[in-house]
Each structure stands twice: as structure tokens, then as C-alpha cells.
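# Geometric and topological summary
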There are 6 protein chains.
Amino acid sequence: MDMQKLTYLEFQEFISKKPIAILPIGAVEAHGPHLPIGTDNYLAERLSRKVAEKVDALVLPTFSYGQVWSLRNVPGSINVSNEHLTGVLTDIGKSLYKFGVRYFVIINTHVGNMTAIKEAARNLYDFYKDLKVFYFIYPGTAKITKEVRESKPMPGGYFHACEIETSYMLYLAPDYVKMDKALDDFPDLPEDFEYTPTPWDEITDTIVLGSATLATEEKGQKIIDVAVETIVKILEKTK
Amino acid sequence: MDMQKLTYLEFQEFISKKPIAILPIGAVEAHGPHLPIGTDNYLAERLSRKVAEKVDALVLPTFSYGQVWSLRNVPGSINVSNEHLTGVLTDIGKSLYKFGVRYFVIINTHVGNMTAIKEAARNLYDFYKDLKVFYFIYPGTAKITKEVRESKPMPGGYFHACEIETSYMLYLAPDYVKMDKALDDFPDLPEDFEYTPTPWDEITDTIVLGSATLATEEKGQKIIDVAVETIVKILEKTK
Amino acid sequence: MDMQKLTYLEFQEFISKKPIAILPIGAVEAHGPHLPIGTDNYLAERLSRKVAEKVDALVLPTFSYGQVWSLRNVPGSINVSNEHLTGVLTDIGKSLYKFGVRYFVIINTHVGNMTAIKEAARNLYDFYKDLKVFYFIYPGTAKITKEVRESKPMPGGYFHACEIETSYMLYLAPDYVKMDKALDDFPDLPEDFEYTPTPWDEITDTIVLGSATLATEEKGQKIIDVAVETIVKILEKTK
Amino acid sequence: MDMQKLTYLEFQEFISKKPIAILPIGAVEAHGPHLPIGTDNYLAERLSRKVAEKVDALVLPTFSYGQVWSLRNVPGSINVSNEHLTGVLTDIGKSLYKFGVRYFVIINTHVGNMTAIKEAARNLYDFYKDLKVFYFIYPGTAKITKEVRESKPMPGGYFHACEIETSYMLYLAPDYVKMDKALDDFPDLPEDFEYTPTPWDEITDTIVLGSATLATEEKGQKIIDVAVETIVKILEKTK
Amino acid sequence: MDMQKLTYLEFQEFISKKPIAILPIGAVEAHGPHLPIGTDNYLAERLSRKVAEKVDALVLPTFSYGQVWSLRNVPGSINVSNEHLTGVLTDIGKSLYKFGVRYFVIINTHVGNMTAIKEAARNLYDFYKDLKVFYFIYPGTAKITKEVRESKPMPGGYFHACEIETSYMLYLAPDYVKMDKALDDFPDLPEDFEYTPTPWDEITDTIVLGSATLATEEKGQKIIDVAVETIVKILEKTK
Amino acid sequence: MDMQKLTYLEFQEFISKKPIAILPIGAVEAHGPHLPIGTDNYLAERLSRKVAEKVDALVLPTFSYGQVWSLRNVPGSINVSNEHLTGVLTDIGKSLYKFGVRYFVIINTHVGNMTAIKEAARNLYDFYKDLKVFYFIYPGTAKITKEVRESKPMPGGYFHACEIETSYMLYLAPDYVKMDKALDDFPDLPEDFEYTPTPWDEITDTIVLGSATLATEEKGQKIIDVAVETIVKILEKTK
């Protein structure tokens, strides 16, 4: 299922039967004192694997560098511009199409990437009538998230390295979580937060937006399971 | 040493003491019937780790998508344009500089990436007087390669998935090598091969240029050891 | 208040006292059989004037061409790319800054413009430390909208030329509304609607998503009043 | 005739019968102490309407932001780069073509826009064999202008906010003209004025190049009438 | 005076005394049956030399590739885009500035180049306060041209490979002129010629616009002498 | 054979029989105290002529501006960016193709140009199936160079204005060589020279890398003759 391990002949054979390729994309980004800066990459990779197992699809190597404008001033956050990210994702889609892939599934775990991903998907839409590009960022999980959440959401729905995201990690990549460093932080957002560019280092010192201490593996599992199901359900329609 | 595993606070502390970051970069590319399409990525990652252990430096997540013009028509070869690759690498360097990195070490295993890497390095050179960008592609190994090689080199020095590269894999990532599928192929190159754009699918069906069957772990180790030493020697001068 | 009417000397004097400039931005876009294709422009312009009256600020000429990917295939919908739109908005901000404007207020009525507006705002953020760029798209109206709405929302919150938007027009530009042509349409959205590029001409023939017949001037006034208040409140903090 | 007022269905019907669309384009630019900074936009819009009435064509919303290099340092002059302006105009032309427009008529009143307009027209020329893009800037008026003009022309034919342009405004948008502030200014141009980039704030304090006091509505009407006739004559050949 | 012939040390010394560099720029373009396709390059080069002799300045190697949109379909006409031409000219200016050049004199003989040249000059204007970029295309010759001309001008002032340009060649590069092939052609221009992109192969078969047979060396000398004087006069003011 | 001298009709006829065009490309670059800054241009032009004589092909005007990053800080070295150089070369190729050229032969004498040339060649490869772009930089001369060379090569094979290049000039353009100023310089290269961007002004004051004093016309002739033969042999296969 790990595309990299295959020889080109094996890849060719696999795609001829199952023309789906999954690209995990995350980011290197500060995630508070308890989560690693590779958090989004670990989540993207492992979520992708869970999906791939269910639909028997190939997983591309993780694209580990995302658009991280909001936290770009915080050490450990690597920021790629929308323009360049869009370019590379479009190029990857072109190569995949050439080899017979007809479903290019981008499993994303970092909100900041959505602009570039959508732009790339629209580029590819214009190039190839018979290529379908999907982009997923924990799809279908609004309801279950509301159910499992014990902390109150931040105004505007912002969250980061919090009850929810930490729970994802406890489920998918527990070895990298330091729950003893977990903390809660609900910083006041300035009134114009949504209406003007605001680097997050102006609003938080902890790089946590929410309650990390309330995270549990179980909560993570519940939400991730729904995300996987949602993706799988849509991909199965493509058969 | 794996940067992704650190929290942003640990990253900050590490870099404040040792302002070096190593970026492994390879490619997804056809490598004959016996090597995986992730060959360059496995090599870049593991070579980087060996270097990092010796100089006690951080290793960034592998950049797995390279410029693969020559083999772009062969299934499994993902091709990113020089322009976009240059852009992303430049962005990564900018973020690293912001956080105190002063030695950005690009360990590359795919020849096609050199154009974009050099362009990015020159961009960064102009932006930051006190940032040093290194780019290495098996440096210092010409002599030892000549010594260990049993097959005759292809005209023009071209090689791919051959005695040398397969030996690298047998040493650094043996689990992914299928020596029973290894073969020898010394295709005739057209006389104008070096002088006009020539996709490699016009010259080879096997995607092997050289003798894969002569590869051994020992040969790989000998060359890789020299590459590591060369890099380490240069990086140690930076202290 | 209409910037265009001033001589350059009057402009200079005004800005020296009140360094705010408001840019209305909409789009030319199909809006069903009952609303004009200039709907977003009328709304942006009149909403901007209401704000300008309250805060005594200048209103720039309306930028009437937006990013209209979703409806680009439907006659009358003019689509400008994100790249070019970002470029022009950034240029406008640069000129305004040069003349002393320190609050560049973009009042937007078309969702498709948000990507370019944010990119431009971030560009300007990097150029000028003391320029604040605001972007508003009916801010603060979630609650009041829920209260006045009689029709059920479409899944995913999508809406267009519907109860809400038609009410805006009945309040702000009633002369251009043909309520006798108003209709209701709640098309089924394909399950992957949010996850893959989908031109809206694939989901609707009427170019209405919701219930236009339920629109009233009163509903429009209630929501618009809250939007104006929200913007005014934030701008007043800037004094 | 005002395209914005139409529904998309009315637009579609209109264009199917008369595939012409007129885009007025001006600029926001300083025009001396007696003319508003929206002068070029008022002129473009009203000139376009006169043409549209005669040929029964649609008028797009005015594009109000032009390339204003020469006066970019004078307050109230908003400057858009040639590159971005070309991009947006090309995009607009593409959308119009898609909906059946075959004559895209750009009525321009600001010299600085011509470079971008021509570049966009050439782009569209290459995309669509059967789209004709026209660009007009007071065409056919050289002779009549010479006749009505009482002041002597500036060397090199430069003029701005002068007898001619003020007369246009007195005819087309008299409400915005403050003739009591009109003045005459014939600044000496440096000898290399035509041969090196020279911002106009280096040559004029009044932002008037010529004699504004000699302007009359009658002069304006005479010239504008010829411009309208010239455009109409050419457009009528397209039928 | 030919910059290319100097060693870098001689160049450095020369520029330290006389910080002027002249760039001749022409085009490869069809010029009727009697003039070579290098006409504009020969003229630019020789005109530049005449100027250089008078002001004792260096002449750069001729830039022989211009923007040739109008004749791009006629064999022998090489067309470089405005974007790329602007880029290269800007780069050249940057290097010259770095080495002490403070007057970058572009002597152009091809109208189509003016857009790119002006754009490059404006770029450089923004980069360097103390660099002056001049652009000349037969400056100051309107009056003398009118005097020597025997043929009537084409409407709109268009001319090409005609009495005037052929006379330039008879004076500056007579060896390349085949007067026995010279002809007269005054094609009717379509009424919309100035108002819509029109490749010249639609209006002429001969690629002559005017009367080539009336050309004489004497006419050429008279006009060129004035052009040289005009340039020299302006450059002498820079001392 | 000099394309510029032909009329467009002669050009058309020539190409219809022999669809080959040769573009000499060099650079303006410091070449020590004994060689002119136009060295690469003289060499490209004269080498091209020798080839053209043998294969009866047209020679385009020399493209005299190259990518000169390494020596860009040394007076007299004009540096064009890879991006712009690629653009112009691609444009030239497009025009040539339009007129029937099917073999676009780029004879290059400056290593720094190879990146842009290859990128342009690959662009053209994708545009036109039946256009062949060749790029030559003294091809096939490795063996003969080793034979004639008396000085030892610099580590890494770097050379500049040395025994070899000066010999080229003594053979092809002796009038521009000042052998009395020739010198020998074998600067120590820093250990990381190949692995990080290093302007050559950091390693040499003389701008000579090698032994200029050992240069002779005979050595130059021997090597150049092989280069010409190699190119001719390949071009003859194209017939």
C-alpha cells in the first residue's frame, strides 16, 4: 500500500487495477509544548493508511511542508507559499494522471493548506476531464466532534493542539505525545481576529488554543473513525 | 535528531545550540525491476541520518518529490518542475533562517534536483548574508567509486539503478531490494544523447543503465562511508 | 464620501484627518431569474455607503470583477483568477498606503473573492507594519440570519440568490429585484460536493440555492443592520 | 444597456442577438484642483453609454483602476501594474467569449492603460480566432481637437486636466467640475522628458498641463461627438 | 568604444571616468524584398557607434532580438515577448549599475521594443535612485523627416522598409541594401487598424509600407544626423 | 550564412531547403587581464561560423548576454537570470519553428548558460514534436584537451581564461588577446567550493583559473577542430 516500496512495474500493475492514489499532506508546525512539530504529518500519514487499508489503494509519500502563515513566526513552523505549494501539487497530479491514476485523493490535516489544494484541484480539473481530485480534512466529523468534546469551543471555531487534535494524536501517534506537558489555554481573541491578518503569536504564548488536558485516545478514535468512514464511503462510490 | 518528533520548544533549544538543519531530498522515480520507486528517498533519508548522527544535527522530513524529466514517461515517476521545486526549497530555507538555522544542508540523491537546489541556494544567498546553504550529492566519492566498480561505466558517465545505486540500497535499505530481479543493461546511447532533450524511455526498456547484478552491500558501504565522511568533514568546519 | 468625486487636494485633506478607505468588492455573476448579475456589486456598494456614513470614511469606486469559479460556466458570470485579483488588490493597497491611508477596509459580498482578498491582505501586511487591512463579508450575522430565516438551510450552508441574499437586495437595491420571477430550489448536492471541484451548473439549472420567494425587505434590513454595526464597531476601535 | 441590471437570462438573450460588450476603463488619478480624481472613470462610463445607445450594446461595469505610473506619487492616484491589469482584462475577455460575446469593446480614457489593454487584446487574439477586441481612446479626434483648441499644445503633445479634458468633463459630467478652481499651467518640460522615466510630480505642482480655464462644454461636445461617431462607425461594420 | 573588446580592467577604468553605457537594440524582422532581416540591428549598432564617438562612451553588444508581434507571421521575424524582453533588459541594467554605470542609454530602432524598454526603465528607476535610463528611437527627427520626405506618409504615420527606413540603411549600412528590389506599396489599412490587433501580414504582401524607391543616402544622412545630435545633446547635459 | 544579411524572401528560400538555424550564445564576462570581456561571444560566433560553413546552415545573430552568477561581482560581467534567459531562448525557438526550422542548434561557450538552455530546449520539446533542439558546448573535446594540455587541471575541473580558453581565442580571435598580460593563477579553492554558492571574486583576484601563459594558437586549433567535427557529425545525421 506504501507506493514508495513498489517497483515501477508493480506500481503500474496496481494502478491498472485500482487507479486511486492517496497523498497525505500535513505541515511542520508548532503544536504546543506537548505535541511534536510533525503532528500534522503524522496524522495525515496514519489517517491515509487507515483509508488505504479499507479501499485497497496506494499511499504516496507524505508531503510534509505546508502553508503555515498564522504560526510562521513560531520556531519550528515551516511556511511554504500558496503559489509554490499549488505548483507542486499540480505537478504531482499531472504525473499521476499520466500513469493512469483517475482518483487523486488528497488527505490533508492542516487548514492552511486548503487554499493551495483547492487551487491545484481546480487546475487539474481544467486539464483533465476524467481525473477526479478529492480533498479531505477530517470530513463528516462535525457532529461526532460536538458529541465527544467536553471543553467549550473557542469563538469562531478556532482550535489548535487542543482537546480534539491531541486526541487524534493519542489515537494515531501516541508515542509522540507528552501528556504531562499538556495544558489548557483559551486566549481572548481580538475582536477583529477574523477580519485582518493576525499572526497567532500575537494571541498565544502556549501555541495551544483549547484544552489539551481533556484529550483522550478514545475521543480521537471516535472522530477519526468517522473521518475514515466518510472518506471510504465517497471513494467506494468511485468504483 | 528527527526534527518532526520535537516540540517547538525542544526544536528552539536544539537550534540555539546547533544551528544546522539537514533536508533529505530524493524523488519518486522508476528504478528498474529490482528497486522501489522510492529508492532516492530511502537513500536521502538514511544517508542524512548517518550524517546527522555524526554531527549531532536535526533532520527535516524528507522532501520526496523531485524533478524527474528524463524518466517522467515511465510509470511511477513523479515530476515536479524546476520552478516550483525551487520555490518550495527557497521557502523552506527562509523559515529555517527565521528560527536561527545558519547551516541549511541539503542532502540530495537525485541528479535531476540539482538545478532547482542550486537556484534555491543562490536565492537564499542573496537574501541572507549569514546563512550557508550546502548541497551534497554523494560528494567526494569519485575515487572510491572507481575502485569498487567492477562493471565498465556507461559512456558519458550515465548510470541508474545499476551496480553503484543498487549497492547503495543494499547497504542503506536492503529490505526494499529484490536482487532476484536485478539485471544488467548497457543500452546504446544515441550519438546526440548529451546534446538534445532525450527522455530515457527512448533508450531503455528496463530502466537500468549498468549492471545491477554486480551490486553488493559492501560496495555500497564503501562509497556511502566516504560520502558521509566528506559531508561531516565540511560541516565540522562550520562549527 | 464618494472618493471619486473629490479633487486630489480634497482627498489629501480628508485622508490626513481620517486615514480610512473603504473598497467595495463584488462580482458580475448569475443570480437566478429574479436578481441582476450585478447583485454582489450593488450590495457591496450600498453596504459600504452605509458603513461610510456612520464612520465618516471615503468609499473607493467599486471593484466589480471577482473570482467566480463555481458559476463561471453560467452566462453573465465573469471570472477573474485568484492570481490576478490578488495582484490588483495588492497594488491598490500600496497606492493607498502611500497617500496616508492606514486602514484599508475591503467590504466584500462574494465568497469566491475571499482567497484573493486574504492573500492581498497578507502581502500588504508584510510590506507595511502600520497598515491594517480589514476584510468583511457580512460579519457578525450568523445569529441574526438564523433568527430571521424561515427556510431550512441547504446542507453545508451553501446558499445563493435565496431567502437571505434576495432579502439583502430587497433592502439595499429593491429596484433591481423581480420578485415575480423568484423561485425556490433546493437541489440535491452530490455527496462529494465539498470534496472535489464541482461547477454549480452541474447541480442547479435555476442558479438559485434556497428559497427566494421567502425573501423580504425586513429580513434583509435586520441582517444588514447587524453587518453594518459589526463593521462600524471594529472600525471605531481604530480611531 | 447596463449589463449589471440584467438577470443572467436576459443577458444571455441579449448577447445571442447582439454579441457586443463594452467595457469602460479609466483610472483614479489626480486631475488638478478643479477636476475629481474619478475624472477618467466618469468619462469612460458616460462615453461608453453614448456609444451603447447608438449601437444598442451592453455596457459592463466600469473598470475604475488603471496604470497610473506618471502621477503615482500624487495623492489620490491609484496605480495598478501593467502585469496585473493585463491579467484581469484578459480574464474578463475569456469569460465574455465563453458566453457568446464576439466583439469586446474597450473604451478607455486614460493613456497609461494602453499598454496593458493592447497586451490583453493580443493575448485574447491568440486564444480565440473569432473574437475581436477593440480599444478606443477618443479615436478620430485629432482634427476636431486641433480646430476647437484655443490654447497652444504642450511640446510633445502632453496634456492633462487641461482645456481639452476639462471640456470633456463639462460636457459629460459637469456636476463634478469646479471651474472656479480651474487654472492654466504650461510647465517647462525637461529636455529629456520623453526619453527617461519622469514622474509628473517633478514637473508640475498643479497637476494641470495646459489651460483649464479655456474649457467649455461646447468644445467638449464637439470632440466627444466625433469620438462617439468614430467608434459607432467601426462597430456598425461588425454587424 | 566597443565594450566587448576591453578587458574587465580596462572596462572598469573607462567606466570610472565616464559612467555611460550604450545598448543598441533592434530586431530580426522582415523588411521587404530589398532590406535584410537584420535591418534594425544594423541601424541600432551603427547609430550607437556614431553617438559613442561623439560622447566617448562604451557600446554594449547589440541586443538583436526584439518584440515583433505585428510581423511575427512573416518568415524571418523573430518575436520575443514583452515579459521576457523586459526581464533581460532589467537584468542588464542591474549589472551595469553594479559596476558604476549611472547612464544606461538604450538606442532602439524598432518600435515594437518600446513597451518592454519603458517597463525595464521604470523597474530600474525604482531600484536605483541614481541611475538614469534613457531610451531613444530616432529622437528629434519629426521635423527633418517631414522636410526630406517626398512620398506622402501612410495614414496613422505607419511606415516600414520605406523611403525613410531604406534611406537610413543607404546611409548607415548600404552594403546590405538591394535597391534593384526596392518597391513602393501603400496598402489600404482597414478602418479599425489602430483599434484592434492586426498582424501586418493581413495588410501587406510586400512587407513594405511606403515608397522604398525614393530612398537616398542623403535623406538618410540628414535624418540620422539629427537623431545623433539630439541624443548627444541630451547626453552631454549629463556630464 | 549570416542570417541577418538575408532578406525575408531569401531566408524563406534557404530554410525551405535546409531547415537548420544556428544560434551562437556567449556572455559578457570578465576573463582576466589578457582576454576581452566579449571572449565568450567571439568564440561562440566564430565557432558557429566554422560549423555553418561545413554544413551550409544559417547563423543567427549572437545572443551576447548570459547567466554569469559566479563572476557577477567582477566589473564587466553582465548577469541575466536563468528565468529570463530561458524565456527569450524559448521565444526564439518558437519563431524559428514557425518559419520551418526543424533543427535549432545552440552553440554555447559559457557554462553558466547551460541551465537556461536546457530548460528552453525542454520547453520546446514539449511544444513541437518535430523540432530538434541541440545544445553544444565544445562537445567531444575531453580527450583532445587532455592531450594538448601542459598545465595540470584545477581540482574539480574548473577553468577560466586559462591555457585552454586562451588557446581558443588565439586560434579564433587572436586580435583581441594580449598575451603580454597573460598570467598563471591556480588559486586554492575552499573545501566547500562545489557544495555552496561561492562567487568567484572570493577565490580569485586575477579572474584567471589556470595557466594563461601556456596558451598557443595550435592548442586552440586542435581542440576547436574536434569540437567542430563533433557538431558537424551530429548535424549531418539530421539530413
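Attention here is on the structure that accompanies the text. Predicted, not measured: the structure shown is a model, and the values here were computed from it. (Residues numbered from 1 in each chain as written. Chains lettered and ligands numbered in written order. Predicted model: local features only at pLDDT ≥ 70, side-chain atom pairs only at ≥ 80, totals over all residues. Heavy atoms only, no water.)

### Comments concerning the arrangement of the chains
There is no contact between chain B and chain E; across them, the least C-alpha separation is 14 Å. There is a clear gap between chain C and chain E: no contact, and 14 Å between their nearest C-alpha atoms. (Contact = heavy atoms within 4.5 Å.)

### Some points on the relation of the copies chain C and chain A
Each copy of the sequence occupies a distinct position, and chain C is placed on chain A by a rotation of 180° and an axial shift of 0.0 Å, giving an RMSD of 0.0 Å. Within this description, the copies of the chain are treated as partners about a two-fold rotation axis. Closest approach to the rotation axis within chain C is made by the C-alpha atom of Thr115(C), at a distance of 3.5 Å. Most of the interface of chain C is mirrored in chain A, where 100% of its interface residues are also at the interface. (Least-squares fit on C-alpha atoms with pLDDT ≥ 70 in both.)

### Section: the interface of chain C and chain A
Every contact between the two is made by 30 residues of chain C and, on the other side, 30 residues of chain A. Carbon and sulfur atoms make up 48% of the surface buried where chain C meets chain A, a total of about 2600 Å² over both sides. The largest per-residue losses of area from chain C upon contact with chain A belong to Arg122(C), Tyr125(C) and Tyr195(C), which jointly make up 27% of the total buried on that side. The tally of links between chain C and chain A comes to eight salt bridges. In this structure, Asp192(A) and Lys132(C) form a salt bridge, with 3.1 Å as the shortest nitrogen-oxygen distance. (Buried area = accessible area lost by both parts, 1.4 Å probe. Salt bridge = Lys/Arg side-chain N within 4 Å of Asp/Glu carboxyl O.)

### Quick word on a negative patch on the surface
A surface patch of negative charge is lined by Glu83(A), Glu83(B), Glu83(C), Glu83(D), Glu83(E) and Glu83(F). Along the polypeptide, Glu83(E) turns up in helix H3 (residues 82-98). (Patch = residues over 30% accessible without salt bridge, like charges linked within 9 Å, V, L, I, M, F, W, Y side chains within 5 Å. Areas by Shrake-Rupley, 256 points an atom, 1.4 Å probe, with all protein chains shown as cover. Lys, Arg positive; Asp, Glu negative; His and termini not counted. Charge placed at Lys NZ, Arg CZ, Asp CG, Glu CD. Helix = DSSP H or I, 4+ residues; strand = E, 2+ residues; numbered from the N terminus.)

### Quick look at the interface of chain B and chain A
Contact residues are listed per partner, giving 53 residues for chain B and 53 residues for chain A. Note on chain B versus chain A: buried area summed over both sides is about 4200 Å², and carbon and sulfur give 63% of it. Our count for the contact surface shared by chain B and chain A stands at two salt bridges. The partner of Lys178(A) in a salt bridge is Glu10(B), with the nearest N and O atoms 2.1 Å apart. Where chain B packs against chain A, one counts 22 residue pairs in polar contact (both at pLDDT 80 or more). Looking at the side of chain B that touches chain A, the elements that each hand over two or more residues are helix H1 (8-17), helix H2 (39-55) and helix H3 (82-98) of chain B. With eight residues, the top contributor of residues to the side of chain B that touches chain A is H3(B). Split by residue class, the side of chain B that touches chain A holds 27 nonpolar, 18 polar and eight charged. (Polar contact = N/O pair within 3.5 Å; in protein donor to acceptor, adjacent residues only side chain to side chain. Nonpolar A, V, L, I, M, F, W, Y, C, P; charged D, E, K, R; others polar.)

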